[in-house]
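Structure assessment
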Amino acid sequence: MKLVLASSSLAPCFCVRFFPPNHNNLNPSFSGQRKIKLRAISVSCGMSEVLKSDLMEPEAETLVNKRNLYAPIEPYSTGNLKVSDVHTLYWEQSGKPDGHPVVFLHGGPGGGTAPGNRRVFDPEFYRIILFDQRGAGKSTPHACLEENTTWDLVNDIEKLREHLKIPEWLVFGGSWGSTLALAYSQSHPDKVTGLVLRGIFLLRKKEIDWFYEGGAAAIYPDAWEEFRDLIPENERGSLVDAYHKRLNSDDLETQYAAARAWTKWEMMTAYLRPNLENVQKAEDDKFSLAFARIENHYFVNKGFFPSDSYLLDNVDKIRHIKTTIVQGRYDVCCPMMSAWDLHKAWPEAELKIVYDAGHSANEPGIAAELVVANEKMKALMR
């Protein structure tokens, strides 16, 4: 089932699919007399409209009018979960205590959670679980690389689910969070009721090379020079390796300098239009040290995946799971090629392309589509 944009010169979003008829349990039977109806519904950005084939089950056909972020809320419970002899994770719950559970997987790795992450979920429907991954945010020890791999994090998600006595949950992740969401759901598909993914990052060599070895410099040459010039010319054969050396230096000031430069490069490229508040995060040494050290650690180790295309190769394990992918057309950090490659391998998933956005979940078009995705999931989970 395909979606078609109605004629509009102001149509910033393009919807590739809306849970096709062979997707999961959304497979109605047709008689020879049944006709497929098309109707226009306002579920895209700006002034554009989308034509949706009327093939969904009744509960999934609900018009989605909600596009704005929900009001700020506070957690109703918080805690710390010891997941190894080294690491203890901060977690929190907000929203409806007996609602449908959703776990939010933050980016980076090393980025940590923020109060605003709660606002893409309806607090009257969802039981919203946020946690800081190993070494990030309020989890301890801070910026620690020991026992910090993708598979440690996958195991941590399961430990948290069991600790909170949750049978299964919706999994939501953006950027590195989408990487982790794919790895987790492929490892535990029976625990996942749905996936909402944003800014797809498959942690392949070509993605790392694009952003850290000069590709994105074609778009941001000014920001790139500041990132590149911290490293002497004779070490620029691999900037990821050169930064790894500095981020793991015995000298803390050397670590901080490298962390600030690494973080600033990403923060300067995360929005379609520059966001100075985001760029200023790089000046926070505590934040930038965890962000840069942990990211670099994962990238040097190729995400701890056994092959470059591991997440694409294992899509069959999650093909049945209801999924929406939201992708900014002009995402420089996680360029659209990865979302497109995932879509080609997994056409059953809905792909929403936001035409006037870059990478950040805080850009208006992306935030709106994330709210819409979570609203649609509500209709399927009642």
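Residues numbered from 1 in each chain as written. Predicted model: local features only at pLDDT ≥ 70, side-chain atom pairs only at ≥ 80, totals over all residues. Heavy atoms only, no water.

Spelled out, the test is: UniProt positions are given in the numbering used here, feature names are shortened, and annotations may be inferred rather than shown by experiment.
As recorded by an unreviewed UniProt entry, the protein chain carries the name Proline iminopeptidase and is attributed to Arabidopsis lyrata subsp. lyrata. The protein chain has a UniProt comment under Subcellular location (unreviewed entry) that states "Cytoplasm". The record in UniProt for the protein chain states the following under Catalytic activity (unreviewed entry): "Release of N-terminal proline from a peptide."

Topic: the confidence of the model for the protein chain
Here is the rule we go by: pLDDT gives the predictor's per-residue confidence on a scale running from 0 to 100. Any two residues whose heavy atoms approach within 4.5 Å are treated as being in contact.
For the protein chain, per-residue confidence averages 88 on the pLDDT scale, and residues scoring 70 or more make up 84% of the total. Confidence drops under pLDDT 50 across residues 1-61; counting only partners more than four residues distant or on other chains, this segment forms 149 contacts.

Quick notes on the pattern of salt bridges
Heads up, the condition is: Any Lys or Arg side-chain nitrogen located within 4 Å of an Asp or Glu carboxyl oxygen qualifies as a salt bridge. Where helices and strands are cited, they refer to DSSP runs of H or I of at least four residues and of E of at least two residues respectively, numbered from the N terminus. Each residue is placed in one exposure class: buried if its accessible area under a 1.4 Å probe, protein chains only, is under 20% of its type's maximum, exposed if it is over 50%, and partly exposed if it falls in between.
A full pass over the atoms with the stated rule returns 21 salt bridges. Note that Asp 122 is salt-bridged to Lys 378, the shortest N-O span being 2.6 Å. Of this pair, Asp 122 sits in the loop between strand S7 (100-105) and strand S8 (126-131) while Lys 378 sits in helix H11 (residues 364-381), and the two are 256 residues apart along the sequence. Lys 378 shares its class with Asp 122; the two are buried.

Some thoughts on the pairing of strand S11 (residues 323-328)
As a reminder of what qualifies: Two strands pair if DSSP finds at least two bridges between them. Seen with its strands pointing away from the viewer, a crossover is right-handed when the path leading from the first strand over the helix to the second is clockwise.
The buried count for S11 comes to six of six residues, which makes it a mostly enclosed element. Burial along S11 is two-sided: the residues Thr 323, Ile 325 and Gln 327 and Thr 324, Val 326 and Gly 328 are all buried. Across four bridges, strand S10 (residues 192-198) lies against S11 in parallel orientation. Bridged to Leu 197 within S11 is Ile 325. Pairing between S11 and strand S12 (residues 350-354): five bridges, direction parallel. Bridging from a neighbouring strand, Gln 327 pairs with Ile 353 of S12. With helix H10 (residues 336-345) bridging S11 and its parallel neighbour S12, the resulting β-α-β unit is right-handed.

A word on the packing of aromatic side chains
What counts is decided by this rule: Working definition: a ring pair exists when centres of Phe, Tyr or Trp rings (six-membered ring for Trp) sit within 6.5 Å. Plane angles under 30 degrees give stacked, over 60 give edge-to-face, the rest tilted. Any Lys NZ or Arg CZ found within 6 Å of a ring centre and within 35 degrees of that ring's normal is scored as a charge over the ring.
Throughout the structure, instances matching the rule amount to 23 aromatic pairs. Both rings, one in Tyr 212 and one in Phe 227, keep their centres 6.2 Å apart while their planes meet at 55 degrees; by these two values the pair is tilted. One end of the pair, Tyr 212, is in helix H3 (residues 205-212); the other, Phe 227, is in helix H4 (residues 221-228), with 15 residues separating them in the sequence. Taken as a pair, Tyr 212 and Phe 227 share a single burial class, namely buried. Geometry around Tyr 70 places Lys 66 over its ring, the cationic atom sitting 4.3 Å from the centre. Over the face of the ring belonging to Tyr 90 we find Lys 138, whose NZ or CZ atom lies 4.6 Å from the ring centre.

Regarding unusual backbone geometry
Here Gly 108 and Pro 109 are connected by a cis peptide whose omega angle stands at 0 degrees. With respect to the helices and strands, the residue Pro 109 is situated in the loop between S7 and S8. In this structure, the amide linkage connecting Thr 140 to the following residue, Pro 141, adopts the cis form with an omega of -5 degrees. Tracing the backbone shows Pro 141 in the loop between S8 and helix H1 (150-163). With phi around 60 degrees, Ser 175 is a residue other than glycine that occupies positive phi space. Mapped onto the fold, Ser 175 is located in the loop between strand S9 (169-174) and helix H2 (176-187). Ser 175 sits in the buried class, given a relative accessible area of 9%. One non-glycine residue, Lys 302, adopts positive backbone phi at about 55 degrees. Examined against the element boundaries, Lys 302 turns out to sit in the loop between helix H8 (285-300) and helix H9 (310-313). The exposure class of Lys 302 is exposed, given its relative accessible area of 64%.

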